[in-house]
Amino acid sequence: MTLNDTLRHQGMRKKLVEGLKTKGIRNQMVLEAIGKIPRHLFMESTFINFAYKDQAFPIGAGQTISQPFTVAFQTQLLQIEKNEKVLEVGTGSGYQAAVLLELGAKVFTIERQKELYSKAQNFLPQIGYHPAFFFGDGYKGLPNFAPFDKILVTAGAEQIPEDLKQQLKIGGRLVIPVGSNKRQEMYEIIRISKNEFKSIKHGGFNFVPLLKGTVNF
Ligand code: SAH
């Protein structure tokens, strides 16, 4: 892979950001992050011309890099502040992790498919992004590193995993798509106190499913 970011790519990114604004993304920090990150480098080379369309694309192992609007929408809901501890479930290409890092978060990202985990762990540092990478089942979160200020799930869950709720700080926020494997509703869950959670719904999305266990290739 050539780590090339040309003026043409930069121009395409600008257009993508304009498009996201017209679709309702308002958070300036999120727009700046997307304007800065060379998304085309996260995808197979044959897809380079698609990298800056507002669409999801295959990244291998039957998975996809989320659509830019979805990345922006989830990130905006999280309301990230500098130095917050953030857990991402579903590293995939690593693109969403890069967005969180651009916002100044300390990112812990977990992936259940070995191939994707290894690829992201090798690639992200090459372009200057250094989250903590974990190979494992994100359904269980990362109990040894909890609690987190924010938790982001980037695959569609049938139910909200109790372990993830319990790994939120009081006042912390979980953003997770919940529903069947075809269609999910975006949930924002705020931990009000030890035992109280407030839940807000934010419309329909379409994610690959959150699966249990790990895959060793
Ligand atoms: N955030 C990614 C989106 C990848 S799609 C990106 O920016 O590219 C969702 C990812 O979640 C897939 O890579 C899939 O393998 C992973 N996944 C699904 N269930 C998981 C689980 N229980 N734990 C960790 N990762 C999971």
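For the structure given in this document, a descriptive report is provided here.

Cut-offs and rules
- Residues numbered from 1 in each chain as written.
- Predicted model: local features only at pLDDT ≥ 70, side-chain atom pairs only at ≥ 80, totals over all residues.
- Heavy atoms only, no water.
- Buried < 20%, exposed > 50% of the residue type's maximum accessible area, 1.4 Å probe, protein only.
- Helix = DSSP H or I, 4+ residues; strand = E, 2+ residues; numbered from the N terminus.
- Arc of directions from axis to C-beta.
- Axes fitted to C-alpha atoms, helices over the stretch in contact; angles between N-to-C directions.
- Parallel < 35°, antiparallel > 145°, perpendicular 65-115°, else oblique.
- Left-handed = near helix turned anticlockwise from the far one by under 90°.
- Contact = heavy atoms within 4.5 Å.
- Nonpolar A, V, L, I, M, F, W, Y, C, P; charged D, E, K, R; others polar.
- Near = heavy atom within 4 Å.
- Polar contact = N/O pair within 3.5 Å; in protein donor to acceptor, adjacent residues only side chain to side chain.
- Areas by Shrake-Rupley, 256 points an atom, 1.4 Å probe, with all protein chains shown as cover.
- 1 Å grid on protein atoms, 1.4 Å probe; cavity = no way out; pocket = protein on both sides within 12 Å on 5 of 7 lines; lining within 4 Å.
- Sits in = over half its atoms within 2 Å of the grid points.

Points about helix 5 (residues 114-123)
- What helix 5 keeps buried is the set Leu116, Tyr117, Ala120 and Phe123. Taken end-on, helix 5 shows its buried residues confined to a sector of 145 degrees, consistent with a single buried face.

Quick notes on the packing of helix 2 (residues 28-36) against helix 4 (residues 95-102)
- Relative to each other, helix 2 and helix 4 sit at 125 degrees, their axes nearing to 9 Å. Viewed along their axes, helix 2 and helix 4 adopt a mutual orientation that is oblique. Seen along the crossing, helix 2 lies across helix 4 with a hand that is right-handed. Residue-level inspection shows Ala33, Ile34 and Lys36 of helix 2 in contact with helix 4, the latter providing Tyr95, Val99 and Glu102.
- Grouping the constituent residues of the contact of helix 2 with helix 4 by class yields four nonpolar, no polar and two charged.

Here's the deal with the site of the ligand
- Residues in contact with the ligand amount to 27 residues; listed here are only the nearest, Ser93, Glu111, Asp137, Gly138 and Leu211.
- Here a nitrogen atom of the ligand and a backbone polar atom of arginine 112 are 3.3 Å apart.
- Relative to its unbound accessible area of 580 Å², the ligand is 99% covered by the protein chains.
- Among the cavities detected, the one that contains the ligand is the largest pocket.
- For the shell around the ligand, the secondary-structure elements that each account for two or more residues are strand 2 (63-65), strand 3 (85-89), helix 4 and strand 4 (106-111).
- With three residues, strand 2 is the largest single contributor of residues to the shell around the ligand.
- Its residues assigned to classes, the shell around the ligand comprises 11 nonpolar, 12 polar and four charged.

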